[in-house]
Amino acid sequence: GVEVQTDYVPLLNSLAMYGWQLTCVLPTPIVKTNREGNLSTKQIVFLQRPSLPQKAKKKESKVNKP
């Protein structure tokens, strides 16, 4: 008789724009009860994104004018 509700969609959509992807969700032993008797838990969310290639810095040659 327990119903679990999670909604990571807004979080994932906002971070997906920057290349982040959900890799793992770990539950924690932290449980809280609100006034209505609903339980909530804390979870640890792991995200990753591919490394971005480093841009080569352009070396500017300085021309000394006499």
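For the structure itself, look to the data block above.
Residues numbered from 1 in each chain as written. Predicted model: local features only at pLDDT ≥ 70, side-chain atom pairs only at ≥ 80, totals over all residues. Heavy atoms only, no water.

(A) View of the overall build of the protein chain. Check the secondary structure of the protein chain and you find 1 helix and 2 strands. Its helices and strands taken in sequence order, the protein chain reads α-β-β from the N to the C terminus. Across the 66 residues that make up the protein chain, the buried fraction comes to 2%. Once local pairs closer than 6 in sequence are excluded, the contacts in the protein chain between residues at least 24 apart make up 39%. Accessible surface for the protein chain amounts to roughly 7000 Å². Of this, 55% is attributable to carbon and sulfur atoms. (Helix = DSSP H or I, 4+ residues; strand = E, 2+ residues; numbered from the N terminus. Buried < 20%, exposed > 50% of the residue type's maximum accessible area, 1.4 Å probe, protein only. Contact = heavy atoms within 4.5 Å. Areas by Shrake-Rupley, 256 points an atom, 1.4 Å probe, with all protein chains shown as cover.)

(B) Structural context of the pairing of strand 2 (residues 39-48). Sheet topology places strand 1 (residues 21-33) next to strand 2; 9 bridges connect them, and they run antiparallel. Among the inter-strand pairings, Thr33 is bridged to a residue of strand 2, identified as Leu39. Taking the residues between adjacent antiparallel strands as the criterion, strand 1 and strand 2 are bridged by 5 residues, where Gly37 takes a positive phi near 90 degrees. (Pairing = 2+ DSSP bridges.)

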